[in-house]
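# Secondary and tertiary structure notes
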Amino acid sequence: MTRHGLHRITRFRSAPRRKAIAIGVVGGSVVAGIVATMMPLLASDDLSIRAAADTTATAVSQDGDNAAKATLATCATRCDGNPRGGREAVIEFAVTTVPATAVNVRATLRVHAWQQFAATVTAHASPLSAREARPAPAPAGPALDSVTGVSKGFNEWDISKLVTGNGTWTVALAQSGLESRIYWASVENRNPDLRPSLVISYDIGTRPSPVTTTRSAPPPSAAPTTAAPKPSATIAPSRTATPSPSGTLPDGKCGSVSDKLVPSCGAWWGMYSPAGAAGGWDHGKAVTDVEAQVGRKFDIVHRYHDFSNAGSNGAFPDVYESQQMREGRLMFFAWESRDFSAGTTMKWSEIYSGRQDATIDAVAGRIRAAGVPVFMGFDHEPEDEPAKGGDADFVRAWRYVYERFAKAGATNAVWVWTMMGWSGHYSRYAALYPGDRYVDWVAYDPYNFHVCNGSTVWKSPSTTVGGFYDWLDANGIGAGKPRMLAEFGTNFNSADLGAKQRWFQDFPAALKAHPKIKAAIYFNSPGMTSRTATCDMTMNHDAAAVAGFAKAGQDPYLRQPTGGSR
């Protein structure tokens, strides 16, 4: 089986984007606002390689300013009345990290124009140097692709015949049909979102054998065993999994769960479903409404909390989460070093300096009192939080929180290290990893955004989840740890309205092909994307999507006999 992969070096944006998460009741009053926490809107490997250099090739001499230009130009051979006034835009890309096993490499050149033009612009392989100022035109290489009718915004050319893998590739854009200049954004343009880029996708012809063994799906008739959780005066858990001795990937028959909440086979199925003012900030109903739509209970409920230590935002587990645990669901608390209602962000140094000890200890006490294992995260996607400090600061803060929980006796916290999983940050992940002692699960947040982020790439479920998964295998970060999709999601395809339903139906197969993923949680919110005629990231925006998601949730691989789906 081949897997689709997509390679990214940098983003289309210059600053991090955020996802919106609805906040709850603080001090008894409704806070009608949304909190910005991180969402990798471009974190699923569906972005582009920036151009390494570019220039305009022309025989016309340069007058005056010879500095680097923020634009490129193309023009026909006869241009603005000059019979030798032709111009070509020459662009160079350096591709360095396409895997050696990549096959069927597909490359799309994207260049931005500010106006529409009735011209044909053809991409050619070029022998010119894009690092030379105004080189003389040279005979064009083979034609790769043409755009007939230049659009305002990004124009795209398929240059897969040229770009076949790693290497330095230079392409020229030649214009015909219009004898006046067209200007394009160059690598010097001060808006990095407009600079030329190259989207590369590929298939993997072979894949290494996974370290862990794929386990069979749990049989529908598997009987749960009896739990012996620590008693609690406030919560009477009904989840009946018997922990196995292992804290990593358990062996044994389906239906057993490790002390770190790893199912012996298959995977947990989870949901983040935000509450809002229209629903009275009822975080319980926000989940049960979706469960009613898809015909099953979720194994994991994901919630985001802050450091306010007040209301549903900070004083967790709250009444809704307590009820969800009593009903057999596992909780995943994503704890953010923010104050949602105040809109403030803390530095990690505030955490490890001891300034937040009272809050940390209070939360640890409530987690201990829950009496059952819960998933616990601290500052998911820290690589997108430069204002909080450096990578070493994050690791120090993570370890500090972990140690205070241990000191408070909150040993039922199962620690989930959640990254974006974006290839542009691969060089940082080793420095962001707190160490095996401090991490129980390794998680990431893959998305098939399609046109929601300006891309035209439609990624299969296997492509969506595969990039960071394979990188973890190759680099040994969290080796032996179970993996989680702490968030995942997909757009729909306006050109193929059945694509989203099929995407969901194919999702269990993608999990089976990546057996270290032991939990998958859908992020059922548009985040910072906009709901438009071509973009909606929610799983229940139409009946077909709901049907596909419901079908996925009925797969035996996701029907844990020990979880909420019983």
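The written sequence of each chain sets the order in which its residues are numbered from 1. Under the rules for a predicted model, residues below a pLDDT of 70 receive no local features and side-chain atom pairs below 80 are neither given nor counted, while totals for whole chains, interfaces and linings still include all residues. As a convention, hydrogens and water are excluded, and side-chain values are obtained from all of the structure's heavy atoms.

### Looking at the overall build of the chain
The following threshold applies: Numbered from the N terminus, helices here are DSSP runs of H or I no shorter than four residues, and strands are runs of E no shorter than two. Think of it in three bands: residues with accessible area under 20% of the maximum for their type are buried, residues over 50% are exposed, and the middle band is partly exposed, with areas taken using a 1.4 Å probe on protein chains only. Should any heavy atoms of two residues lie within 4.5 Å, those residues are counted as being in contact. Methods summary: accessible areas were calculated by the Shrake-Rupley approach with a probe of 1.4 Å, and residue burial reflects only the protein chains presented.
When its secondary structure is counted, the chain shows 10 helices and 29 strands. The buried share among the 566 residues of the chain stands at 57%. At a minimum sequence separation of 6, the contacts of the chain that also span at least 24 residues come to 79%. As presented, the chain carries roughly 21100 Å² of accessible surface, and 53% of it is formed by carbon and sulfur atoms.

### Regarding the state of the cysteines
For the record, the criterion: When the sulfur atoms of two cysteines come within 2.5 Å, that pair is taken as a disulfide.
Throughout the structure, instances matching the rule amount to 2 disulfides. Cys 75 shares a disulfide with Cys 79; S-S distance 2.0 Å. Taking the torsion about the S-S bond as the criterion, the Cys 75 to Cys 79 disulfide, at about 95°, is right-handed. Pair check on accessibility: Cys 75 and Cys 79 agree, each one buried. Note on cysteine connectivity: Cys 452 is disulfide-linked to Cys 535, with sulfurs 1.9 Å apart. Between Cys 452 and Cys 535 the disulfide shows an S-S torsion of about 110°. By sign, it is right-handed. Highlighted residues: Cys 452 in the loop between strand 27 (447-448) and helix 8 (461-475) and Cys 535 in the loop between strand 29 (517-523) and helix 10 (543-553), separated in sequence by 83 residues. The same class applies to Cys 452 and to Cys 535, which are both buried.

### Regarding the packing of helix 5 (residues 357-370) against helix 6 (residues 391-407)
Note the following rule: Note on method: axes are straight lines fitted to C-alpha atoms, helices fitted across the in-contact stretch only, with angles between N-to-C directions ranging 0 to 180 degrees. Between 65 and 115 degrees an angle is taken as roughly perpendicular, under 35 as roughly parallel, over 145 as roughly antiparallel, and anywhere else as oblique. Here a crossing is called left-handed whenever its near helix is offset anticlockwise from the far helix by less than a right angle, and right-handed whenever the offset is clockwise.
At a closest axis distance of 9 Å, the pairing of helix 5 and helix 6 adopts a crossing angle of 50°. Relative to helix 6, helix 5 is oriented oblique. Between helix 5 and helix 6 lies a crossing whose hand is right-handed. Taken together, the residues of helix 6 that come into contact with helix 5 (itself represented by Asp 357, Ile 360, Asp 361, Val 363, Ala 364 and Ile 367) are Tyr 400, Val 401, Arg 404 and Phe 405.

### With respect to the nonpolar core
Condition: Take the buried residues of types Ala, Val, Leu, Ile, Met, Phe, Trp, Tyr and Cys, join any two whose side-chain atoms come within 4.5 Å, and each joined set is a nonpolar core.
Judged by nonpolar contacts, the single largest core of 71 residues is most densely connected at Ile 367, Met 376, Phe 378, Phe 405, Trp 417 and Tyr 429. By residue number, the principal contributor to this core is helix 6, which donates 7 residues. Ignoring anything within four residues of it in the chain, the contact list for Phe 405 reads Trp 335, Ile 360, Val 363, Ala 364, Ile 367, Met 376, Ala 410, Ala 413 and Trp 415. In terms of nonpolar packing, the next biggest core, distinct from the first, is built from 35 residues, Ala 102, Ala 107, Leu 109 and Val 147 among them.

### Digging into the pattern of salt bridges
Defined as follows: We define a salt bridge as a side-chain nitrogen of Lys or Arg found within 4 Å of a carboxyl oxygen belonging to Asp or Glu.
For the structure on display, the rule yields 24 salt bridges. The closest approach of N and O atoms between Glu 403 and Arg 437, which form a salt bridge, is 2.7 Å. Here the residue Glu 403 occupies a position in helix 6, and Arg 437 occupies one in the loop between helix 7 (429-432) and strand 26 (441-444), the gap between them amounting to 34 residues.

### A look at the confidence of the model for the chain
The test is simple: pLDDT gives the predictor's per-residue confidence on a scale running from 0 to 100.
Of the residues in the chain, 80% have a pLDDT of 70 or more, and the chain-wide mean is 83. Below pLDDT 50 for its whole length, residues 63-67 participates in 0 contacts with residues either more than four positions away or in separate chains. pLDDT under 50 marks residues 206-252. Its contacts with residues more than four places away, or in other chains, come to 111 contacts.

### Overview of helix 5
Keep this limit in mind: In this analysis, the expected span of each helix is defined as 1.5 Å times one less than the number of residues it contains.
Over its 14 residues, helix 5 runs 20 Å from end to end, which matches the ideal 20 Å to within 8%, given 1.5 Å per residue. For helix 5, the full list of buried residues reads Asp 357, Thr 359, Ile 360, Val 363, Ala 364, Gly 365, Ile 367 and Ala 370. Remark: Gly 371 follows helix 5 within two positions and exhibits a positive phi of approximately 75°.

### Observations regarding the packing of aromatic side chains
Basically, it comes down to this: Ring pairs are drawn from Phe, Tyr and Trp, using the six-membered ring of Trp, whenever the two centres fall within 6.5 Å, and their geometry is named by plane angle: stacked under 30 degrees, edge-to-face over 60, tilted for the rest. Here, a charge over a ring is recorded when the distance from Lys NZ or Arg CZ to the ring centre is within 6 Å and its angle to the ring normal is within 35 degrees.
Considering all chains together, one arrives at 42 aromatic pairs under this definition. Summarising the aromatic geometry, the rings of Phe 316 and Trp 335 are spaced 5.9 Å apart at their centres and angled 75° between planes, so their arrangement reads as edge-to-face. Linking Phe 316 in the loop between helix 2 (311-314) and helix 3 (319-326) with Trp 335 in strand 21 (residues 330-335), this pair joins segments that are 19 residues apart in sequence. Across this residue pair, the class does not change: Phe 316 and Trp 335 are buried. Here the aromatic residues Phe 307, Phe 316, Phe 333, Trp 335, Trp 348, Phe 378, Phe 394, Trp 398, Tyr 402, Phe 405, Trp 415 and Tyr 438 are joined through ring pairs into a cluster of three or more. Directly above the ring of Phe 154 sits Arg 110, whose terminal nitrogen or CZ lies 4.3 Å from the centroid. Directly above the ring of Tyr 469 sits Arg 483, whose terminal nitrogen or CZ lies 4.6 Å from the centroid.

### Digging into the sheet that holds strand 9 (residues 87-95)
Threshold: Pairing between two strands requires that DSSP report at least two bridges joining them.
Taken together, the 5 strands give an open sheet; going across it, the order is 7-9-14-11-12, and neighbouring strands pair in antiparallel fashion. Pairing within the sheet leaves two strands with one partner each, and these edge strands are strand 7 (53-58) and strand 12 (143-150). Along the sheet, successive strands turn relative to each other by an average axial angle of 20°, direction set aside. Relative to strand 14 (residues 167-176), strand 11 (residues 117-125) runs antiparallel, the two sharing 6 bridges. Bridge pairing links Val 121 to Gln 175 in strand 14.

### Regarding the pairing of strand 14
Of all 10 residues that make up strand 14, 7 are buried, and the element is covered over most of its length. As paired elements, strand 9 and strand 14 share 8 bridges and run antiparallel to each other. Counterpart to Ala 94 in the pairing with strand 14 is Thr 168.

### Some words on the environment of Ala 552
In this fold, Ala 552 is placed in helix 10. Here Ala 552 falls in the buried class, since its relative accessible area comes to 1%. Spatially, the C-alpha atoms of Ala 552 and Pro 508 are 6.1 Å apart, while their sequence positions differ by 44 residues. For Ala 552, the residues in contact, after removing those within four places along its chain, are Trp 269, Phe 504, Pro 508 and Leu 558.

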